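# Summary of the model geometry
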Amino acid sequence: MLLCGHRVKQTQYFRAQRRGLFRCFKDFKVMAAYEMKDIESKWRKVWLDRQSFAVDEESKKQKYYVLEMFPYPSGRIHVGHVRNYSLGDVVARYKKSNGFNVIHPMGWDAFGLPAENAAMERGEHPGKWTYANIDVMRTQLQSMGLSIDWSREVATCHPQYYRHEQKMFLDFYRKGLAYRKESMVNWDPIDNTVLANEQVIDGKGWRTGAPVERRKLSQWFLKITDYADDLLDGIKTLDRWPDKVRIMQENWIGRSRGLQFKFALEGLDESVEVFTTRPDTLFGAAFVAIAPDHPLAKKLAGNKAGFDDFLKTCAAQGTSEAAIEQAEKIGFDTGVRAVHPFDASKTVPVYLANFVLMDYGTGAIFGCPAHDQRDFDFATKYKLPITQVVAPVDGAEVKLPYSDEGVLVNSDFLNGMEVEAAKAAAIEKIEKLGVGFGTTQYRLRDWGVSRQRYWGCPIPMVHCKSCGIVPVADDQLPVTLPEDVTFDKPGNPLAHHPTWKHTTCPSCGAAAERETDTFDTFFESSWYFARYCDPRNEKEAFSKEKAAYWLPVDQYIGGVEHAVLHLLYSRFFTRALSDCGYCDVKEPFAGLFTQGMVTHATFKDQDGKWLFPTQAVTNDAGQLVHVDTGAPVTEGRIEKMSKSKKNVIDPDDILNNYGADAARLFILSDSPPERDLEWTVSGIEGAAKFVHRLYRLVTEIPLQAVEKPNEFTPAQQEMRTQTHKALSGLGADIEAFHMNKAVARLRELANAIEKYKSVHSAGDWAYREALEYLIRGFNPMMPHVTEELWAHLGHDTILADMTWPEIDASLLQSDTATIAVQVNGKMRATITLPKDMDQKAAEAAALSDPNVQRALDGKAVKKVIVVPNRIVNVVVG
RNA sequence: GCCCCUGUGGUGGAACUGGUAGACGCGCCGGAUUCAAAAUCCGGUUCCGAGAGGAGUGUCGGUUCGAUUCCGACCGGGGGCACCA
């Protein structure tokens, strides 16, 4: 980059640009000769020419499958991707150098809503848009220097990919795992189209602003609930998953033991079946509530005034759980009364209620206001009686609703029992009466896979007037998407395509219509990890042998936002595929790491409009102003990078201005990977500075090869100890994903080498060893510059092919320990003692220390606690 | 609303299973180099205090010889909630 005729280091240029300081660097000195761009592209070419990361399936080495969640090709990579793939690359390179046969593939989660939005906004075909984005993003990812075997790349929108998932769906269908049922969708009444939850903003359609309605649609479902127990039990085996993800999945599946039973309806020949997890509170029942779309709703209340209005109100609610839970709880009294199963003289009103879900349990509940907040609110609102039936064991007065442990009161035969015992007794009694049974319910619902959209995998089914629903024959796959679609009309372009849906029935040959729904895009991401094992197989999704060799994924890495859905669907899919004979694994991901988000400060102009960080610059007076207009800019809070708030950084700028190694180093240093990372200019500049420093450290002093001496001076010995300690801890840090600590450790070693350098000659064996270990330790994080420096040291090997440096364990041991001495828990001195010293002797040494003596101040020693090699705590009275 | 996570100097963070709080970095301060600056190098940097010493890990309380770490309550920030991926 040229500026004023002088070659200027690019980071400086970038910073100057940010500050808006375009003054002439007249006497600017030419900086270090390190030209990162040339070096980086040179080494990427070397790896490519040598096929360093191509997978060898004949290898005798143990396999190791490193996988980062594949990206959605939205246009350009974002910093979150850089973080994700930098992390994975450290693991892949580290494992490779530790003797594993590593597979590290990449592909594209290429179906999805944004492509259709682009089509509507810009008139560009979703496929064209997607493939163009893939080309851009592939180039971007490649410029990061990732150790990826690009020959295995897949794109899920490619018919050679999705044909196999159409086959899978047919296999699931034949196995009874796929079925149709009605379920609710968000409906935009103006566009006449189904909206995704994210397209519903404050209960209104994002484009039309019309209040969204709930509407029933017949859709395809996969029976994930068949696997509820297995998915739940399997969580226990996932010992290399974060606890929080396992807990979230457990809660999501939500297995609960309870009671299902029938309330007889007074004066009617009908009953309402309810499910409850609190059968013990049955004597506290104040009402029965059923879902507005319950089959009995119309029958019980259809003639009542206000019924239609009530249904309309409910239909105006969103379909998401958050929307339902946060909406005001409202009910509609049917006027019908339900008879208490234990006492026929007692009846409770039956309400329709907007918070009862038809999808969960039986679509009906009974409410016990004294022991549940929601029921309490409901009863208060509709002035229903509240009867306490559980009281604390000590009989204390409590504020209702009370949901803790206790004993039953006001409950006839349950009185005096504890909650758990009462649950069992109530279930037993109901079973004896023959009106119900103890059962297990799951919060988990079946997976609705139908989407009324174009840019997805067509569902290979045909609707025939005489034969009903008929699967497309296997040899007719794939059912491909038509290219000539228009997005000028709202709704699904597949449905209003003039010819596409017209076909013949595979069964009777008569004219029939194709299913125009496409799959949820979670479908594609539920098996892509298996496709990577055998990506060019045309006959089948993947060969069983290859899957058996490579699966499960040993280390999966991705955003914590996928903790439930994607990961649970993939676990289900793998089981279902296994049951259909595709493979023999159940758990797709043996190890999981969930990274935090990338955040950045936000900027707004005077009108409150969001600005890109590059639009906000500091002027000479130190004020934050708009780069073009000079108008004042305010800096807002630090938030997750998002296009809508414009607080995004384009990785291309970073890679161009600082280089891939600096970008990777920054993203791996400072913040622990599981936590959020705040992107800052000073952070990336600090990293770039270090890359240059490392380069100088190794290149500025000429090194001549030296024989390893038989004896080392104490200083050399110390240098070697530091070197081996650093590398030994480094491996442990990388394995534990403590990348920030790993970097800190190496920086410490670099500091130690710098100090050592100033007092020792260049031809020192220990010095050379330290430098070589430093370079090799940094290689997984900064692969380019370390290769360059390795070559500079005169090696004709490349680090990408090398094994991890050997650690001399004898250097790690120390024969002394520094021990802290506390008096009454307060640190008073440190003493250095021989390692594993006798406790009595350590105690004596501690007590004789002058600082300790002073702190004791002649007081009587009551007790001395000695933790060997760590601490001595003297307790005085 | 429900579930999950998180809170340590000016700042990002470190501290193995309860045992020397602040590693490493950013920033800042001082120095070297320079005509001067940038870059680079060296030193310092939790707070209060001249010092001895005292205080200190969101807040309050508890367990312990000893708590950033364990327990309880509260407050702040974030993620997920089934059609965003």
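For the structure, check the block above.
Residues numbered from 1 in each chain as written. Chains lettered and ligands numbered in written order. Predicted model: local features only at pLDDT ≥ 70, side-chain atom pairs only at ≥ 80, totals over all residues. Heavy atoms only, no water.

Turning our eyes to something else, we now look at the sheet that holds strand S29 (residues 592-595). Read from one edge to the other, the open sheet built from four strands follows the order S4-S3-S28-S29, with strand pairing classed as parallel. Bordering the open sheet on either side are strand S4 (101-103) and S29, each of which pairs with just one other strand. Between one strand axis and the next, the sheet turns by 15° as a mean value, whatever way the strands run. Looking at chain direction, strand S3 (residues 63-68) and strand S28 (residues 555-559) are connected through three bridges and run parallel. Across the sheet, residue Leu67 finds its bridge partner in S28, namely Tyr556. (Pairing = 2+ DSSP bridges. Helix = DSSP H or I, 4+ residues; strand = E, 2+ residues; numbered from the N terminus. Axes fitted to C-alpha atoms, helices over the stretch in contact; angles between N-to-C directions.)

In this section: the protein's contact with RNA strand B. Taken together, 69 residues surround RNA strand B, and among them Arg453, Arg637, Lys741, Arg870 and Asn873 come closest. What you see for RNA strand B is that sugar and phosphate hold 63% of its atoms within 4 Å of the protein. In the environment of RNA strand B, a base nitrogen lies 3.4 Å from a nitrogen or oxygen atom belonging to the side chain of Gln822. In this structure, Arg828 approaches RNA strand B through a side-chain N or O atom, which is 3.2 Å from a phosphate oxygen. (Near = heavy atom within 4 Å. Polar contact = N/O pair within 3.5 Å; in protein donor to acceptor, adjacent residues only side chain to side chain.)

For the rest of this paragraph, the subject is the sheet that holds strand S8 (residues 193-195). Here four strands make up an open sheet; going across it, the order is S8-S7-S11-S21 and the pairing antiparallel. Edge positions in the open sheet fall to S8 and strand S21 (447-448), since each of these has one partner strand only. Bridging between strand S11 (residues 213-222) and S21 involves two bridges; their strand directions are antiparallel. Opposite Leu222, over in S21, you have Trp447 as the bridge partner. In the packing of helix H6 (residues 159-174) onto the sheet, contacts are made with strand S7 (178-188) and S11, and the angle to S11 comes to roughly 85°. (Contact = heavy atoms within 4.5 Å.)

Moving on, we get to the packing of helix H7 (residues 228-235) against helix H8 (residues 243-253). For the pair H7 and H8, the least separation of the axes is 10 Å and the interaxial angle reads 160°. Relative to H8, the element H7 lies roughly antiparallel. Every pair of crossing elements has a handedness; the one defined by H7 and H8 is left-handed. Across the interface between the two elements, Ala228, Leu231, Leu232 and Ile235 of H7 pack against Arg246, Gln249, Glu250 and Ile253 of H8. By residue class, the composition of the contact of H7 with H8 is five nonpolar, one polar and two charged. (Parallel < 35°, antiparallel > 145°, perpendicular 65-115°, else oblique. Left-handed = near helix turned anticlockwise from the far one by under 90°. Nonpolar A, V, L, I, M, F, W, Y, C, P; charged D, E, K, R; others polar.)

To continue, consider the packing of helix H21 (residues 714-735) against helix H22 (residues 739-759). Between two packed helices, the angle of one axis relative to the other and the distance separating the axes together describe the packing. It is at 8 Å that the axes of H21 and H22 come closest, and there the two elements cross at 170°. By the angle between their axes, H21 is roughly antiparallel relative to H22. Handedness of the crossing formed by H21 with H22: left-handed. Where H21 abuts H22, its residues Ala715, Gln716, Met719, Gln722, Thr723, Lys725, Ala726, Leu727, Gly729, Leu730, Asp733 and Ile734 lie against Met739, Lys741, Ala742, Arg745, Leu746, Leu749, Ala752, Ile753 and Tyr756. Split into classes, the residues belonging to the contact of H21 with H22 amount to 13 nonpolar, four polar and four charged.

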